[in-house]
Amino acid sequence: MVDRRDRDLTIVQTPSRHTTSVVPVLVREYGRMDSALCRSLTWDRGMELADHELLSAATGIEIFFAAPRSPWQRGTNENTNKLLRQCLTKGMYLGDLSQSDLDAIAARLNNRPRKCLGFRAPAEFVAEEAVALAG
């Protein structure tokens, strides 16, 4: 999951890519996040969210689906996928990685400066936002 505004990345391990595995994990992860930051989710058209109504009911988020063959509707996701590929060796299977491995990859990307954030890292941007909200 990557936030479109601050580019903060969360990578979570799921037992499989079937909707019965993915939806409970997303419900759990959205439950850990600040609800003010979790208003919507844009998904490609994969079957992983066939039970999207359950996710929406459990979390209160609106779920949108990108149009078929329209990757420009998911630009942040496509760019994040490109960055993830840079962190992985060719042919590596994500299913072979532990959650701690995935957390390390997310931390690496969350501490990488981004042009779209004024050359701040997503972690810096999130920290600045937290200070602004608290103050």
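Note that the coordinates shown come from a computational prediction; the quantities given were computed from them, not determined experimentally.

Helix and strand content of the protein: five helices and two strands. What you see for the protein is a C-alpha radius of gyration of 15 Å, in line with the 14 Å of a compact globule of 135 residues. Seen along its three principal axes, the alpha-carbon backbone of the protein occupies a region of about 40 × 40 × 30 Å. When the 135 residues of the protein are sorted by exposure, 30% land in the buried category. In the protein, 48% of the contacts between residues at least 6 apart in sequence involve partners at least 24 apart. On the protein, roughly 8,900 Å² of surface is accessible, and the fraction owed to carbon and sulfur atoms is 54%. A gap of 8 Å separates the mean positions of the 18 positive and 17 negative side-chain charges of the protein.

What follows covers unusual backbone geometry. Trans is the prevailing form of peptide bonds, just as negative phi is the prevailing case for residues other than glycine. Even without glycine at this site, Arg7 takes up a positive phi of about 65°. Residue position: Arg7 is located in the segment before helix 1 (19-32). Of note, the phi angle at Arg69 is positive, near 55°, even though the residue is not glycine. Note on placement: Arg69 falls in the loop between strand 2 (62-65) and helix 3 (75-87). Note on Arg69: relative accessible area 75%, which makes it exposed.

For the rest of this paragraph, the subject is the environment of Met1. Here Met1 lies in the segment before helix 1. Residue classification places Met1 among the partly exposed residues on the basis of a relative accessible area of 25%. In this structure the C-alpha to C-alpha distance between Met1 and Tyr30, which are 29 residues apart in sequence, comes to 9.8 Å.

On strand 1 (residues 40-43), burial follows the alternation: Leu41 and Trp43 on one face are buried, whereas Ser40 and Thr42 on the facing-out side are not. Bridge count for strand 1 against strand 2 is four bridges, and the pairing is parallel. By the bridge assignment for strand 2, Thr42 is matched with Phe64.

What follows concerns the state of the cysteines. What the rule picks out here adds up to zero disulfides. For Cys87, which is in no disulfide, the shortest distance to another cysteine sulfur is to Cys116 and amounts to 16 Å. Take Cys116: its relative accessible area is 51%, and that puts it in the exposed class.

This part covers the environment of Leu102. Following the sequence through the fold, Leu102 ends up in helix 4 (residues 99-110). On the accessibility criterion, Leu102 (4% relative accessible area) is buried. Each C-alpha atom, one on Leu102 and one on Gln13, is 7.7 Å from the other, the two residues being 89 residues apart in sequence. Non-local contacts of Leu102, meaning those with residues more than four positions away in its chain, are made with Ile11, Val12, Gln13, Leu94 and Leu97.

This part is about helix 4. Quick reminder: α-helices carry 3.6 residues per turn. Residues three or four places apart thus point the same way. Its twelve residues give helix 4 an end-to-end C-alpha distance of 16 Å, which sits within 8% of 16 Å, the value for a rise of 1.5 Å per residue. Among the residues of helix 4, those classed as buried are Leu102, Ile105, Ala106, Leu109 and Asn110. The buried residues of helix 4 occupy one face: seen down the axis, they fall within an arc of 130°.

Parameters and conventions
Residues numbered from 1 in each chain as written. Predicted model: local features only at pLDDT ≥ 70, side-chain atom pairs only at ≥ 80, totals over all residues. Heavy atoms only, no water. Helix = DSSP H or I, 4+ residues; strand = E, 2+ residues; numbered from the N terminus. Rg over C-alpha atoms; globule rule 2.2 N^0.38 Å. Buried < 20%, exposed > 50% of the residue type's maximum accessible area, 1.4 Å probe, protein only. Contact = heavy atoms within 4.5 Å. Areas by Shrake-Rupley, 256 points an atom, 1.4 Å probe, with all protein chains shown as cover. Lys, Arg positive; Asp, Glu negative; His and termini not counted. Charge placed at Lys NZ, Arg CZ, Asp CG, Glu CD. Pairing = 2+ DSSP bridges. Disulfide = S-S within 2.5 Å. Expected span 1.5 Å × (residues − 1). Arc of directions from axis to C-beta.

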